[in-house]
Number of protein chains: 2
Amino acid sequence: MLEKKIITQLRNVVGKDAVLTSREDLNAYSYDGTTTWTHAPDVVVLPTTAEQVSQILKLADESKIPVTPRGAGTNVSGGSIPIKGGIVLCTTRMNKILDINKTNLTATVEPGVVLQDFNIALAKQGLFYPPDPQSFLGCTIGGTVAENAGGPYCVKYGVTKQYVLGLEVVLANGYIMNLGGVTVKNRTGYELIMLFTGSEGTLGLITKITLRLIPMPPANKTMMAVFDDMAVGGQAVSNIMASGVVPAKIEFVDNFVLRRIEEMTPMGLPVDAKALLLLQADGSPAAVEAESKQIVDILKKSGAKEIKVAKDASEAAMYWKMRSAGFAATFGAAHTVMAEDVAVPRDKLVEFIRKLDEISERTGFFICYLGHAGDGNLHPSIFTDIRNKEEFARAQKAMEEIFEAALSLGGVLSGEHGIGLEKQRFLKKAMDPVALNLMRKIKTILDPNHILNPGKIWEEERV
Amino acid sequence: MLEKKIITQLRNVVGKDAVLTSREDLNAYSYDGTTTWTHAPDVVVLPTTAEQVSQILKLADESKIPVTPRGAGTNVSGGSIPIKGGIVLCTTRMNKILDINKTNLTATVEPGVVLQDFNIALAKQGLFYPPDPQSFLGCTIGGTVAENAGGPYCVKYGVTKQYVLGLEVVLANGYIMNLGGVTVKNRTGYELIMLFTGSEGTLGLITKITLRLIPMPPANKTMMAVFDDMAVGGQAVSNIMASGVVPAKIEFVDNFVLRRIEEMTPMGLPVDAKALLLLQADGSPAAVEAESKQIVDILKKSGAKEIKVAKDASEAAMYWKMRSAGFAATFGAAHTVMAEDVAVPRDKLVEFIRKLDEISERTGFFICYLGHAGDGNLHPSIFTDIRNKEEFARAQKAMEEIFEAALSLGGVLSGEHGIGLEKQRFLKKAMDPVALNLMRKIKTILDPNHILNPGKIWEEERV
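Only a predicted model underlies this, so the values are computations on that prediction, with no experimental measurement involved. (Residues numbered from 1 in each chain as written. Chains lettered and ligands numbered in written order. Predicted model: local features only at pLDDT ≥ 70, side-chain atom pairs only at ≥ 80, totals over all residues. Heavy atoms only, no water.)

Student: Hey, could you run me through the packing of helix H16 (residues 433–446) of chain A against helix H16 (residues 433–446) of chain B in this one?
Tutor: The relative placement of two packed helices is expressed as an angle between their axes plus a distance between the axes. Running from N to C, H16 of chain A and H16 of chain B point in directions that differ by 145°, and their axes come no closer than 11 Å. Crossing of H16 of chain A over H16 of chain B shows right-handed handedness. Residue-level contacts link Leu438, Lys441, Ile442, Ile445 and Leu446 of chain A of H16 of chain A to Leu438, Lys441, Ile442, Ile445 and Leu446 of chain B of H16 of chain B. (Axes fitted to C-alpha atoms, helices over the stretch in contact; angles between N-to-C directions. Helix = DSSP H or I, 4+ residues; strand = E, 2+ residues; numbered from the N terminus. Left-handed = near helix turned anticlockwise from the far one by under 90°. Contact = heavy atoms within 4.5 Å.)

See the structure below:
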């Protein structure tokens, strides 16, 4: 528990309304989108300026109080759970879009801007910011930068780090540091911006972000393809990637997810399909016409049982809504859904799918999955019940086998969700020990008292 | 001078043929593409494996001998000049393309592979690696990663860092560290790969590189537009960027560069033009047709005096050869050509051009320039004579004014050439002091004896 004095000091910094201490409030900030952990903070602070963030961190650093940065709490690796208690520093009131510049193709935002609000503001000016984690309706841009978020569009357009040009970051000691700027090219010293991007709130508090934008592609077309066999669907993805056409999105949904979505929101989906691919071509109208024909052709040759091309924007929107509902659909399906995130080389997708099937059969756990097939990035989920200790331990063991299968194929522990609390145990298997040590040293330079998001990424610090 | 013992030890590591000590050889490695500095090393070593690099670095670290990494020496900020003597570690014999994977859209190469050799190998498989510094005919891929190189294609496709997925790096103590891998998404810990990318050889020796590729765009079209006024040409660039179409390249050449090129290689260029824009649209044939029409339309409306659309690949190649010759053309024009590299926000291009004109008029120095207008990245050159101390000092002062003009418009010291020796004096003006200090601390973690490319980036260490 924090001393009363600290609460008073925090109130002096941000005002009484911006310091939450009631049990209900603390509970509301005790979890994120991850199923396995919860932990309540001692206090939640909602600053509105970088200066306030600076004062909060100074205070916390002096008294060695843990500070867990939080946006909308949609994190799915435990990154925003205050596992060591202390302060949750929530950025949702820092939600101003400061600038959108159509000629420079950049925007500057505060960290608490909700991604979808940003997307809507950009669309009005014919602009586009591609990274699209499927929490886009609620997640904050600060969170997406701290996690270096991905999403369906990343197969063509790259992940968040490819769009960050400038950051204002408050360091653990309260110093407000400026990095980068508003130019698309910048070769001034080391890529420090990239160090903070994807650092999961462990190196500093992001208080301002300048992003590169691109013009909104004038046209797009959505296609859906149904397969009798998941591996055939996976091979179709490989065939598309090797063909020379780069779809804007190539998403993969399995039979279970498909059925669940159709149960929840009937939209006439082909519920017998073993696998469904959802694809989008975008660009100029002429390019979209040509590329979507090419994609449909490859899908046919690759053994798709049925192919639908969305006839208009509303049919396309229905398909993408289906994809967005994917996670929610799996989450309702069992008491505990261990939803994971791994990536394999794109040419190993079929082999990985076969390994998942094999693990499922051998362990007896049902494994469903969906994901960004064009990037080799899948989200396998294991259904279990955390209240049944023996079963849950077996489920964790099965998930471990999934990670090992991904690593053995040249894949990685996380494609887009980060390490957080979820994958600390596996980090040593997935990283060069000297690189891991380098991360620790950089952490200690920037946050010598380890107050920033303690207990994350590193195994030893876990409670 | 190095002890004889060291030379013997180096010969034991790499073989006699791979250790150069003659005066002629040392002179050949005493300079790079930068005009202002030269300094001979004590020895040049040409390893062929990471293990050899590791042994060389161990040896150097134990005896605190400076090691300057070098690819082809095409650097234009002094990065590969061994300003403190010691060892030049040249990677040109590590020149194997280890893997090109068309389905995974990745390639793995040794650092000494010449960029153009790589491009040719990729083209045979219909693949494309966009970053294209204009030294591509000679520069090594290791050098482009160490410098985070740019080039004309970057306006649409991004710079080198956006393509690096995996690195093998030998640290100062000889440890061979592996970072990243072959997946396009990877959220395993901090972005350490980005720390080495663009670190100008000061943090480690890159010995293996995995790069993301894209399919070769099936079609492209080149356009040339001539303007009576440089600022009008600059405004045309802004108009294109704000229009929603993203050309693959938008290059800018001024009247002086144009005349010089035509003198050197007559190709019927419009030598009276005050400014020339060279543009390329790429993508599917239909998209290229549509986008090039749109670009031509904007160029007309923006006041282009004359527009030519290359009728075939050979006419297009002639125009691009002209652009590639740009630097060479300026270099022959005076005893000392201070060719620089700055970037401004794209919507500040016209204002920056006006400032350059004003500086030229006031200081009396002729300033010519060319560059990547679509990125706001220009290369202004001042003609002077380093032998005339008084004049050279004034020229340096004028260049300083150019840097200040760029910074005052929200621009940056370097768009793509890096800091090297050239811009150390200005780094403090262009970076947050705490960020600069953070860079130093990271450097000291990785290279406690400061043997790796000493004298670069940091002012204090400059001889």
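Now that the structure has been shown, we can carry on.
Student: Looking at this structure, I do not really get the relation of the copies chain B and chain A. What am I missing?
Tutor: Taken together, a rotation about one axis and a shift along it account for how the two chain copies relate. When chain B is fitted onto chain A, the two copies agree to an RMSD of 0.0 Å after a turn of 180° and an axial shift of 0.0 Å. What the rotation and shift describe, once combined, is the action of a two-fold rotation axis. (Least-squares fit on C-alpha atoms with pLDDT ≥ 70 in both.)

Student: Is there a simple way to explain the interface of chain B and chain A in this structure?
Tutor: Frequently, the measure chosen for interface size is the accessible area removed from exposure when the parts meet. In this complex, chain B contributes 85 residues to the contact, which on the side of chain A involves 85 residues. Regarding the contact of chain B and chain A, the summed buried area is about 6600 Å², with carbon and sulfur atoms giving 64% of it. Its largest share of buried area at the contact with chain A, chain B owes to Lys185, Arg187 and Tyr190 of chain B, together 16% of the area lost on that side. For the interface between chain B and chain A, the tally reads ten salt bridges. Linking Lys161 of chain A and Glu191 of chain B is a salt bridge whose minimum nitrogen-to-oxygen distance equals 2.9 Å. (Buried area = accessible area lost by both parts, 1.4 Å probe. Salt bridge = Lys/Arg side-chain N within 4 Å of Asp/Glu carboxyl O.)

Student: Hey, could you run me through the domain arrangement of chain A in this one?
Tutor: All names here are of chain A. By domain assignment, chain A separates into domain 1 (4–90), domain 2 (97–215), domain 3 (219–327) and domain 4 (334–416). Computed over C-alpha atoms, the centres of domain 2 and domain 4 are 30 Å apart. On the domain 4 side, the residues contacting the eight residues of domain 2 number five residues. The junction of domain 2 with domain 4 conceals about 410 Å² of combined surface from both sides, 49% of it contributed by carbon and sulfur atoms. Applying the counting rule to domain 2 against domain 4 returns two residue pairs in polar contact (both at pLDDT 80 or more). (Domains from an automatic or database assignment. Polar contact = N/O pair within 3.5 Å; in protein donor to acceptor, adjacent residues only side chain to side chain.)

Student: What should I look at first to understand the side chain of Asp254 of chain A in this one?
Tutor: All names here are of chain A. Within the fold, Asp254 resides in strand E13 (residues 249–254). Arg259 provides the closest opposite charge to the buried, unpaired Asp254, separated from it by 8.9 Å. Side-chain polar atoms of Asp254 contact the backbone nitrogen of Val257, separated by 3.0 Å. Asp254 has contacts with Met230, Lys274, Ile367, Cys368 and Tyr369, leaving out every residue within four places of it along the chain. (Buried < 20%, exposed > 50% of the residue type's maximum accessible area, 1.4 Å probe, protein only. Lys, Arg positive; Asp, Glu negative; His and termini not counted.)

Student: What's the story with the environment of Thr144 of chain B in this structure? I'm lost.
Tutor: All names here are of chain B. Secondary-structure assignment places Thr144 in helix H5 (residues 141–146). For Thr144, a relative accessible area of 4% puts it in the buried group. Note: C-alpha distance between Thr144 and Val350 (206 residues apart in sequence) is 29 Å. In this structure Thr144 touches Leu115, Pro133, Cys139, Ala149 and Thr160, once residues within four positions along its chain are discounted.

Student: Sorry if this is basic, but what is going on with the pattern of salt bridges here?
Tutor: Oppositely charged side chains may form a pair once their charged atoms are brought near each other. All names here are of chain B. Under the definition given, this model contains 48 salt bridges over all chains. When the shortest N-O distance is used, the salt bridge between Asp375 and Arg346 registers 3.9 Å. Highlighted residues: Asp375 in the loop between strand E18 (367–372) and strand E19 (377–384) and Arg346 in the loop between strand E17 (342–343) and helix H13 (349–363), separated in sequence by 29 residues. Like Arg346, Asp375 is buried.

Student: Explain the nonpolar core here, please?
Tutor: Counting 195 residues, the largest nonpolar core has Phe118 and Phe196 of chain A together with Phe118 and Phe196 of chain B as the members making the most contacts within it. Those residues within four positions of Phe196 of chain B in sequence are excluded, and the remaining contacts are Leu438 of chain A together with Val145, Leu167, Val169, Leu171, Met177, Leu179, Leu203, Gly204, Ile206 and Leu446 of chain B. (Core = buried A, V, L, I, M, F, W, Y, C linked by side-chain atoms within 4.5 Å.)

Student: Would you take a moment to explain unusual backbone geometry for this structure?
Tutor: Trans peptide bonds make up the majority, and among non-glycine residues the majority have a negative phi. Residue and element names in this part refer to chain B. In this structure, Asn453 is a non-glycine residue whose phi angle is positive, near 45°. Tracing the backbone shows Asn453 in the segment after H16. A relative accessible area of 2% places Asn453 in the buried class. Residue Ile457 is not a glycine yet carries a positive backbone phi of 70°. The topology assignment puts Ile457 in the segment after H16. The exposure class assigned to Ile457 is buried, which follows from its relative accessible area of 0%.

Student: Would you mind going over the environment of Glu147 of chain A with me for this structure?
Tutor: For Glu147 of chain A, the location among the structural elements is in the loop between helix H5 (141–146) and helix H6 (154–157). On the basis of relative accessible area, Glu147 of chain A is assigned to the buried category, the value being 11%. Taking the C-alpha atoms as reference points, Glu147 of chain A and Asp272 of chain A, separated by 125 residues in sequence, lie 36 Å from one another. Among residues more than four places away in sequence, those in contact with Glu147 of chain A are Asn75, Ser77, Gly79, Gly198, Glu200, Glu416, His417 and Gly418 of chain A together with Arg187 of chain B. Only 2.8 Å separates the side chain of Glu147 of chain A from the side chain of Asn75 of chain A, close enough to count as a polar contact.

Student: Any chance you could explain the packing of aromatic side chains here in plain terms?
Tutor: To describe a pair of aromatic rings, you give the distance between the ring centres and the angle between the ring planes. All names here are of chain A. One pass over the full model with this rule turns up 22 aromatic pairs over all chains. Taking 4.9 Å as the distance between ring centres and 75° as the angle between the ring planes, the aromatic pair formed by Phe128 and Tyr153 counts as edge-to-face. Linking Phe128 in strand E7 (residues 127–128) with Tyr153 in the loop between H5 and H6, this pair joins segments that are 25 residues apart in sequence. Phe128 gets classed as buried once you look at its relative accessible area, which sits at 7%. Each ring, one from Phe256 and one from Phe366, has its centre 5.0 Å from the other, and the planes form 65°; the classification is edge-to-face. (Phe/Tyr/Trp six-rings, centres within 6.5 Å; stacked < 30°, edge-to-face > 60°.)

Student: How should the side chain of Ser302 of chain B be read in this particular structure?
Tutor: Residue and element names in this part refer to chain B. Structurally, the position occupied by Ser302 is in the loop between helix H10 (285–301) and strand E15 (306–309). Classification of Ser302 as buried rests on a relative accessible area of 12%. At 2.7 Å, the side chain of Ser302 forms a polar contact with the backbone oxygen of Ile298. When residues no more than four places from it in sequence are discounted, the contact partners of Ser302 are Phe227, Val232, Ala236 and Asn239.

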